Amino acid sequence: MSTRSPARRILLLCAVVLVVAQTAPLGADLVLALWYEIGPDWCQGPPLMAPAADASLLCVQIFRRPTIIEVLALFPVLAVMLVVCLPAVRWCLRPLRDVVGVIAAVGPQNLGHRLRLGTSQDEMAVLGRTIDDMMDRIAVGYEAQRRFAADASHELRTPLAVQRTLIEVGMTGGDLTPDQLQLLTAQLLATNERNERLIEGLLVLSESDRGLVTRSPLRLDEITAGVLEAYRARAAEAGVTITSRLQPRVVLGEQVLLERLVGNLVQNALKYNRPDGTLDVQVGDDPALVVVNTGDDVPADEVGALFEPFRRRSASRIDHSGGAGLGLSIARSITQAHEGLITASSTGRDGLRVQVSFPEAAENQPHSR
């Protein structure tokens, strides 16, 4: 699509208006002459003679200030010019109206449509490129939401199908032994717990995507210490050694979400570890939080995909309880809600290094947004 620049049209209109404006006094003189010829004869008397004693106040003022009638004659001339300028202004804005029609036709079914107004630097081309860039971002977000909905449906469909099968087996098998019945109920419970984890993860992800309702200064080091204490028993059972260096660090945010952030990172680092491995957690100024584990090395081209929903690596793991595949996605969403940045990188040997940066926050900052 190509169109002309409105700036050039407006510049041309300004030039025409400037030229025509020079003829306005001539037009006013013409209107005044026609008035004297065909207009009413009130206030008309011999030249250079004062009005009669019974003349109206208006006639007296016109005689004393002759420019009044000249100014009055200029008004109809300017009114005609304004009427003529109306279609000219519409002509100047026609490129914008053409673009509006194209944009109005864009919908979910044709998000790939682009204006493509060229590479020039005029206003319409810049506007067109900006709109195209915006459409690119919208298309990426729409596709991500569509893929997320499809993945969530798939993740829910599988355990629900298993749960339905187990229920049907329990209903049809009337001669089940106590051991078989116990196994059936255990499988149903495990499937139900998986559904709960998935739904809870989706709810947390939705809440964090909407941003923070309130903010308060929180000690990230104290939150991290509490989370690590809760996971020490599980780490000891798995043979993983937890080390930590926690310096005082204040973060402006919500405690529940920050606890979930640290918990997800620690749980993920513990799950993808080895029996004699380590889990090192650091809290400092910048980055604010660092979680490093030992385990299978993550290729550099796979690190970015770890933060996508429902992405699971097929690497060896200590914890085989499964998961919703939302741990790092939730961590990224919570970090973004706190205006922070989360990144991951391979340690170069084995395991993964995840670091989180937060803006500086003082304890005397306001508690609400």
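Look up: the structure comes first, before these words.
So, here is what we can say about the structure in this document. The structure displayed is predicted, hence computed values, not measured ones.

**What to know about the pattern of salt bridges**
- With the rule as written, the count across this model stands at six salt bridges.
- Notably, a salt bridge pairs Glu339 with Arg215, separated by 3.6 Å at the nearest N-O pair. Separated by 124 residues along the polypeptide, Glu339 in the loop between helix H11 (327-337) and strand E6 (341-346) and Arg215 in the loop between helix H7 (178-209) and strand E1 (216-219) bring together distant segments of the chain.
- Among the ionic pairs, Arg274 bridges to Asp276, the shortest N-O distance being 3.2 Å.
- Overlapping salt bridges, with partners in common, bring together Arg219, Asp221 and Glu222 in one network.

**Topic: a nonpolar patch on the surface**
- Together, Leu12, Val16, Val19, Val20 and Trp91 give the surface a local cluster of nonpolar side chains, amounting to about 420 Å² of exposed area.
- At four residues, the largest contribution of residues to the nonpolar patch is made by helix H1 (residues 6-21).
- Position of Val16 relative to the elements: it lies in helix H1.
- Classification of Val16 as partly exposed rests on a relative accessible area of 44%.

**Here's the deal with the packing of helix H8 (residues 220-238) against helix H9 (residues 255-271)**
- The contact between H8 and H9 brings their axes to 9 Å, and the two run at 40 degrees. Compared by their axis directions, H8 and H9 come out oblique. At the point where H8 passes H9, the crossing takes the right-handed sense. For the pair H8 and H9, contact is made by Leu220, Ile223, Thr224, Val227, Leu228, Tyr231, Arg234 and Ala235 and by Gln255, Leu258, Glu259, Val262, Gly263, Val266, Gln267 and Leu270, respectively.
- Across the contact of H8 with H9, the residue classes tally to ten nonpolar, four polar and two charged.

Thresholds, definitions, all that
Residues numbered from 1 in each chain as written. Predicted model: local features only at pLDDT ≥ 70, side-chain atom pairs only at ≥ 80, totals over all residues. Heavy atoms only, no water. Salt bridge = Lys/Arg side-chain N within 4 Å of Asp/Glu carboxyl O. Helix = DSSP H or I, 4+ residues; strand = E, 2+ residues; numbered from the N terminus. Patch = residues over 30% accessible without salt bridge, like charges linked within 9 Å, V, L, I, M, F, W, Y side chains within 5 Å. Areas by Shrake-Rupley, 256 points an atom, 1.4 Å probe, with all protein chains shown as cover. Buried < 20%, exposed > 50% of the residue type's maximum accessible area, 1.4 Å probe, protein only. Axes fitted to C-alpha atoms, helices over the stretch in contact; angles between N-to-C directions. Parallel < 35°, antiparallel > 145°, perpendicular 65-115°, else oblique. Left-handed = near helix turned anticlockwise from the far one by under 90°. Contact = heavy atoms within 4.5 Å. Nonpolar A, V, L, I, M, F, W, Y, C, P; charged D, E, K, R; others polar.

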